[in-house]
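# Secondary and tertiary structure notes
Listed below are the residues making up each chain.
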2 protein chains.
Amino acid sequence: MTIYDISEKAGVSIATVSRVLNGSANVSEETRQRVLEVIDKYEYTPNAFARGLGLNTMRTIGIMCADSSDLYLAKAIYYLERQLRENGYHCILCCSGYELKTRRESLELLLQQKVDGIILVGSNYIYEQEEQNKYILDAALTTPVMLLNGSLDAPNVYSILCDDYTSVQEATNRMITSGIRDILYFYNSNSYSGKKKLYGYRNAMEEHGLKPTEVFFNGTHEDISGMTGQLLKLRENGQVFHGLIAADDMLALAAVKYALTLGLRIPDDLAVIGYNNSILAQCCYPELTSIDNKLEALCQHLTDTLMDVLTDNYGIKNTMFSGDLIQRGTTPKL
Amino acid sequence: MTIYDISEKAGVSIATVSRVLNGSANVSEETRQRVLEVIDKYEYTPNAFARGLGLNTMRTIGIMCADSSDLYLAKAIYYLERQLRENGYHCILCCSGYELKTRRESLELLLQQKVDGIILVGSNYIYEQEEQNKYILDAALTTPVMLLNGSLDAPNVYSILCDDYTSVQEATNRMITSGIRDILYFYNSNSYSGKKKLYGYRNAMEEHGLKPTEVFFNGTHEDISGMTGQLLKLRENGQVFHGLIAADDMLALAAVKYALTLGLRIPDDLAVIGYNNSILAQCCYPELTSIDNKLEALCQHLTDTLMDVLTDNYGIKNTMFSGDLIQRGTTPKL
């Protein structure tokens, strides 16, 4: 039962249903009664109903991510939760998985709770086919929706993201300028953000007249043995490369393990750049050069924007941050 | 407003309030009305109220953890969420932080949602002082509470944990038997589970007539540079050790970095054992020997028990799993 269904069954506009639910005075008593009867008859969620009755907000924000064990997503949730708590808000998290069906259900569940806002963490929530993004537009009808690392132009939807394209393009440029020309790109996701990174690499290579070499890893984000194995197989098949840029730090760690397994020297025989500048970058030896996509700043800006939206209904719609290359032991001075 | 307050104000027992809320027939109409009036007057949470009115369960389970960016906790949440979803339940997560005050608030928040059960992830939820655990007992009055890696003997509370004591004791024994006698224990938590591990190490050392050397790291769980620095300082002060057992894999990785920084050979000059057998164990080179505390099996057993409790009100109260030593490159054959 959605706000649409109520509007249809009561024979009034969605805006009118919304006015009734928000206790607005601009509704005739007759209309108000008709809407409430439909709500009653079809058991529209008690929480939305309670909100309609003017009960206090619970001061909660719903956070959705695909998989809370993904290091990057887990870190984002950690920052958001802390920052929201500092603003007096609790956070409710739903792990939605990667399928559209479970995502729709998870979002529905969050909306049934009395959340004041929704945060979608990760660029994989935005689909290429426009009609698949309808679940987000629907949610935005009643609740502000914040996209972390995704972008969607719609009312009541706010996008905060890192410039993945330029970050990877610049890192590739710097590796090429340092004299490494056979650079492989190692990636495992075709999400919105995944594609931006890929295009950044591809563009930098082509601008220098070099042939892009793109290797896709088709496994889970934690299968580091599988990743290492795929690189070792390339080598067996005669493929040589002296530079590798990875779409995340786990893939980059696999490249480091690949080099150490073969007895290659890092960075002399193989230079490696990761992405996310996660804790993994400091877990290996030598430590990983990695692109910092400013996750904490992104989360802080998202929280600030959401607080603006919740207090005076005005927030910056789109914000893009620049990434930084953090140089450590897996690259020569770039 | 809690179930206690209602019971007091209506002049009936907690059990009677509970029967009214659960729609039980064993309540006189007069008592039922009196309880409902109190609930109405004091605005007892609408969700509990809705449940009392026999509205459908939302089939949701509330999960609480201290910090969702902790690798171990994040992984537990991942398993639980997947397993609960397979059973037709959604999961709502609250990150409660480490303070009792925010924990109480988070638990209250979850109970106000229509959760069918509560899962507390991590042994740090159980306090030594009994009265500090009252917030858990209170929750258990209305909702089954599952403890992952914690133990508390109370009605409607279920404990599922790994035998941390024996796991560390055996690992220490095996390192000693392999000929390494100057073994350092490196840890950073005094939680229930943290103490069990420490005592396991201490007991094994003392049983072999060896002096325990315990080093506490007083920093965040991700400060791997700080951890490495602390070990390097010990060495500067003349402390030599050929074995190190760590309370988690991050601390163990710091030991590996310490050895590689000093040019020590692993495992010949330093043998290292971690704990959790997390993804970190496969991120370093050589890969980390680590104690597998069977997190996925623990989570599966917890989910199964909870489903038992929710369907026929009977579940196993306490379950303890044994850990396994997973041998990799940072130890000789043990």
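Definitions and cut-offs
Residues numbered from 1 in each chain as written. Chains lettered and ligands numbered in written order. Predicted model: local features only at pLDDT ≥ 70, side-chain atom pairs only at ≥ 80, totals over all residues. Heavy atoms only, no water. Helix = DSSP H or I, 4+ residues; strand = E, 2+ residues; numbered from the N terminus. Buried < 20%, exposed > 50% of the residue type's maximum accessible area, 1.4 Å probe, protein only. Contact = heavy atoms within 4.5 Å. Areas by Shrake-Rupley, 256 points an atom, 1.4 Å probe, with all protein chains shown as cover. Lys, Arg positive; Asp, Glu negative; His and termini not counted. Charge placed at Lys NZ, Arg CZ, Asp CG, Glu CD. Polar contact = N/O pair within 3.5 Å; in protein donor to acceptor, adjacent residues only side chain to side chain. 1 Å grid on protein atoms, 1.4 Å probe; cavity = no way out; pocket = protein on both sides within 12 Å on 5 of 7 lines; lining within 4 Å. Points joined across faces, edges and corners; volume = space filled by probe spheres on them. Buried area = accessible area lost by both parts, 1.4 Å probe. Salt bridge = Lys/Arg side-chain N within 4 Å of Asp/Glu carboxyl O. Expected span 1.5 Å × (residues − 1). Domains from an automatic or database assignment. Pairing = 2+ DSSP bridges. Axes fitted to C-alpha atoms, helices over the stretch in contact; angles between N-to-C directions.

### With respect to the overall build of chain A
- Across its full length, chain A holds twelve helices and twelve strands.
- Overall, the C-alpha framework of chain A stretches about 80 × 35 × 35 Å when taken along its three principal axes.
- A burial count over chain A gives 56% of its 334 residues as buried.
- Considering only contacts in chain A between residues 6 or more positions apart, those separated by 24 or more positions represent 70%.
- Surface exposure of chain A reaches about 13900 Å², of which carbon and sulfur atoms provide 47%.
- Within chain A, one finds 30 positive and 41 negative side-chain charges whose respective centroids are separated by 1 Å.

### Points about the side chain of Asn293 of chain B
All names here are of chain B.
- Within the fold, Asn293 resides in the loop between strand 10 (289–292) and helix 12 (295–312).
- What makes Asn293 buried here is its relative accessible area of 2%.
- Polar contacts involving the side chain of Asn293 include one to the side chain of Asn276, which spans 3.1 Å.
- Contacts of Asn293, omitting those with residues within four sequence positions, involve Tyr72, Cys162, Tyr275, Asn276 and Leu298.

### Quick notes on empty space enclosed by the protein
- Counted by the stated rule, this structure contains four cavities of 30 Å³ or more.
- Considering only enclosed or pocket space, the largest cavity measures out at about 60 Å³ in volume.
- When residues of the lining of the largest cavity are traced back to their parent elements, those giving at least two are helix 11 (249–262) of chain A together with helix 11 (249–262) of chain B.
- A per-element tally of the lining of the largest cavity places helix 11 of chain B first, with four residues.

### Let's talk about the interface of chain B and chain A
- Across the contact, 46 residues belong to chain B and 46 residues belong to chain A.
- For the pair chain B and chain A, the summed buried surface comes to about 4000 Å²; carbon and sulfur atoms form 62% of the total.
- Summed over the shared surface of chain B and chain A, the number is four salt bridges.
- Taking the shortest distance from any N to any O, the salt bridge between Glu222 of chain B and Lys75 of chain A comes out at 2.7 Å.
- Applying the counting rule to chain B against chain A returns nine residue pairs in polar contact (both at pLDDT 80 or more).
- Looking at the side of chain B that touches chain A, the elements with two or more residues in it are helix 4 (46–52), helix 5 (71–86), strand 2 (90–95), helix 6 (100–112), helix 10 (224–236) and helix 11 of chain B.
- When residues of the side of chain B that touches chain A are assigned to their parent elements, the largest contribution, seven residues, is made by helix 5 of chain B.

### A look at helix 11 of chain A
Residue and element names in this part refer to chain A.
- Across its 14 residues, helix 11 extends 20 Å between first and last C-alpha, which sits within 8% of the 20 Å expected from 1.5 Å per residue.
- With eleven of its 14 residues buried, helix 11 lies for the most part within the structure.
- By the burial criterion, the buried members of helix 11 are Asp249, Met250, Leu251, Ala252, Leu253, Ala254, Ala255, Val256, Lys257, Tyr258 and Ala259.
- If you follow the buried residues of helix 11, they end up packed against strand 6 (183–187), helix 10 (224–236), strand 8 (243–246), strand 9 (271–275) and strand 10 (289–292).

### Considering the pattern of salt bridges
- In total, this model carries 24 salt bridges over all chains according to the counting rule given.
- With a closest N to O distance of 3.9 Å, Arg328 of chain A and Glu287 of chain A form a salt bridge. Placement of Arg328 of chain A in the segment after strand 12 (324–326) and of Glu287 of chain A in the loop between strand 9 and strand 10 is noted, with a sequence separation of 41 residues between them.
- By relative accessible area, Glu287 of chain A is classed as partly exposed at 24%.
- Of the charged contacts in the structure, one is a salt bridge between Lys294 of chain B and Asp324 of chain B, with a shortest N-O distance of 3.8 Å. Residue Lys294 of chain B is found in the loop between strand 10 and helix 12, and its partner Asp324 of chain B is found in strand 12 (residues 324–326); the two are separated by 30 residues along the sequence.
- One network of salt bridges, with partners in common, ties together Lys257 of chain A together with Glu287 and Arg328 of chain B.

### Brief notes about the domain arrangement of chain A
Residues and elements named next belong to chain A.
- The domain architecture assigned to chain A consists of domain 1 (3–50), domain 2 (59–162 + 295–322) and domain 3 (164–293).
- Put simply, the middle of domain 2 and the middle of domain 3, counted by C-alpha atoms, are 29 Å apart.
- Taken together, the contact between domain 2 and domain 3 spans 14 residues of the former and 15 residues of the latter.
- Taking both sides of the interface into account, the surface hidden between domain 2 and domain 3 amounts to around 1200 Å²; carbon and sulfur atoms contribute 50%.
- Broken down residue by residue, the surface that domain 2 buries against domain 3 is led by Leu71, Tyr72 and Cys162, which jointly contribute 41%.
- Seen at the junction of domain 2 and domain 3, the total is one salt bridge.
- Remark: the boundary between domain 2 and domain 3 carries seven residue pairs in polar contact (both at pLDDT 80 or more).
- Broken down by secondary-structure element, the contributors of at least two residues to the side of domain 2 that touches domain 3 are helix 5 (71–86), strand 5 (157–162) and helix 12 (295–312).

### Regarding the sheet that holds strand 7 (residues 213–216) of chain B
All names here are of chain B.
- With mixed pairing, six strands are arranged side by side in an open sheet as 7-6-8-9-10-12. The open sheet has two edge strands, strand 7 and strand 12, and neither has a second partner. On average, each strand axis in the sheet is inclined to that of its neighbour by 20°, with strand direction left out of account.

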